[in-house]
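Chain by chain, the residues run as shown.
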Amino acid sequence: MKRAIVLLLAALAAVGFAVTLYWIFYRAPMQREPLYFNQKIFYYHIGCAFMLFAAVFTCGIASLLYLKGRRGRFDDVATAGGELAVLFGSAMLVSGSIWAKVAWGHWWVWDARLTTSLLLWMVMVGYVLVRRFGGPGSERLAAGLGVFGMVDVPLIYYSVRIWRTYHPSTSTAPGLRGDMLIAMLFSVLLFVCVFVVLLVYRAGVARCARLIDETREAALDAGLIE
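Note that this is a predicted model, so its numbers are computed, not measured.

### Let's talk about the confidence of the model for the chain
On average, residues of the chain score 83 in pLDDT, and 87% of them are at 70 or above. Taken element by element, the predicted model of the chain shows its lowest mean pLDDT in helix α5 (residues 138-162) (83) and its highest in helix α2 (residues 42-69) (92).

### Here we look at the side chain of Ser-187
Positionally, Ser-187 belongs in helix α6 (residues 178-221). Residue class for Ser-187 comes out buried when judged on its relative accessible area of 0%. Among all residues touching Ser-187, those that are not within four sequence positions of it are Thr-20, Tyr-43 and Tyr-44.

### Regarding helix α4 (residues 112-133)
Counted at 1.5 Å a residue, the expected span for α4 with its 22 residues is 32 Å, and the 31 Å between its end C-alpha atoms agrees. Those residues of α4 that sit buried are Ala-112, Arg-113, Leu-114, Thr-116, Ser-117, Leu-118, Leu-120, Val-123, Met-124, Tyr-127 and Val-130. Looking one or two residues past α4, Gly-135 carries a phi angle of roughly 80°, positive in sign.

### Let's talk about the environment of Phe-17
One can find Phe-17 in helix α1 (residues 3-27). Through-space distance from the C-alpha of Phe-17 to that of Phe-186 is 8.9 Å; in sequence the pair is 169 residues apart. Apart from residues lying up to four places away in sequence, Phe-17 is in contact with Tyr-44, Leu-190 and Val-194.

### Considerations on the packing of aromatic side chains
Any two aromatic rings considered together are summarised by their centre-to-centre distance and by the angle between their planes. Going through the model one piece at a time under the given rule, you end up with nine aromatic pairs. Ring centres of Phe-42 and Trp-99 lie 6.3 Å apart, and the angle between their planes is 50°; this geometry places the pair in the tilted category. Of the two residues, Phe-42 is situated in helix α2 and Trp-99 in helix α3 (residues 72-104); the sequence distance between them amounts to 57 residues. Trp-99 carries the same exposure label as Phe-42, and that label is buried. Here a set of aromatic residues connected by ring pairs shows up, and it is made of Tyr-22, Trp-23, Tyr-26 and Phe-186. If you follow Arg-70 out to its NZ or CZ, it ends over the ring of Tyr-66, 6.0 Å from the centre. Sitting over the ring of Phe-74, Arg-73 keeps its end group 4.8 Å from the ring centre.

### Some points on a nonpolar patch on the surface
There is a patch of nonpolar side chains on the surface, built from Leu-21, Tyr-22, Phe-25 and Tyr-26 and spanning about 450 Å² of accessible area. Overall, Tyr-26 belongs to the exposed group, its relative accessible area being 68%.

### Some words on the packing of α2 against α6
Running from amino to carboxyl end, α2 crosses α6 at an angle of 35°, the nearest separation of the two axes being 9 Å. Both α2 and α6 take part in a crossing whose hand is right-handed. Facing Phe-42, Tyr-43, Tyr-44, Ile-46, Gly-47, Cys-48, Phe-50, Met-51, Ala-54, Ala-55 and Thr-58 of α2, the residues of α6 in contact are Met-180, Ala-183, Met-184, Ser-187, Val-188, Leu-190, Phe-191, Val-192, Phe-195 and Leu-199. Here the residues of the contact of α2 with α6 sort into 18 nonpolar, three polar and no charged.

Here is what the cut-offs are and how they apply
Residues numbered from 1 in each chain as written. Predicted model: local features only at pLDDT ≥ 70, side-chain atom pairs only at ≥ 80, totals over all residues. Heavy atoms only, no water. pLDDT = per-residue confidence, 0-100. Helix = DSSP H or I, 4+ residues; strand = E, 2+ residues; numbered from the N terminus. Buried < 20%, exposed > 50% of the residue type's maximum accessible area, 1.4 Å probe, protein only. Contact = heavy atoms within 4.5 Å. Expected span 1.5 Å × (residues − 1). Phe/Tyr/Trp six-rings, centres within 6.5 Å; stacked < 30°, edge-to-face > 60°. Lys NZ or Arg CZ within 6 Å of the ring centre and 35° of its normal. Patch = residues over 30% accessible without salt bridge, like charges linked within 9 Å, V, L, I, M, F, W, Y side chains within 5 Å. Areas by Shrake-Rupley, 256 points an atom, 1.4 Å probe, with all protein chains shown as cover. Salt bridge = Lys/Arg side-chain N within 4 Å of Asp/Glu carboxyl O. Axes fitted to C-alpha atoms, helices over the stretch in contact; angles between N-to-C directions. Left-handed = near helix turned anticlockwise from the far one by under 90°. Nonpolar A, V, L, I, M, F, W, Y, C, P; charged D, E, K, R; others polar.

Structure representation (structure tokens):
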């Protein structure tokens, strides 16, 4: 992706934060019982959830392509996607716990959607740890974890339909109207911009690290360095 496009998305994200904060706290109406002001965390919670799924699919698809052709550029994208999945997953779980404390009186309940979301986050944490500490050859093991995490996403989405859960159905979002709907759309678009910028830059860092390692290995094989 061209540098100018990435910089434009970064600028849009910076502006988007200001616009989103204004729309959420000054335009979108406050929900009544039981959430009141705490309902406003919904706008960032749902944005983080969408980006978690986007990051997991990015990691999983790139991992499949890497396993098929062993091309390093796909592994770079998978690495970036896996780390972003941990980042957005952490934000989603924390914001969801704040919501749960107000709505249900508990920071955490072993609800089907919450439990499967926690499982996905743990899988992606495992992916990052394998990449960081697995040593030579860990790329294929990490790629397998990335693919496994991608399979868990549909289970999270349909969990509220398969089991009776505390968590509200995903179908509640289309029921938003007026300023609440605009605030949600602004929030999602904001997180899309942030996600793309972070993905491109993190994949670029991974690519540079890989090229340095490949150059060093080639120099060792040629006897240029010890």
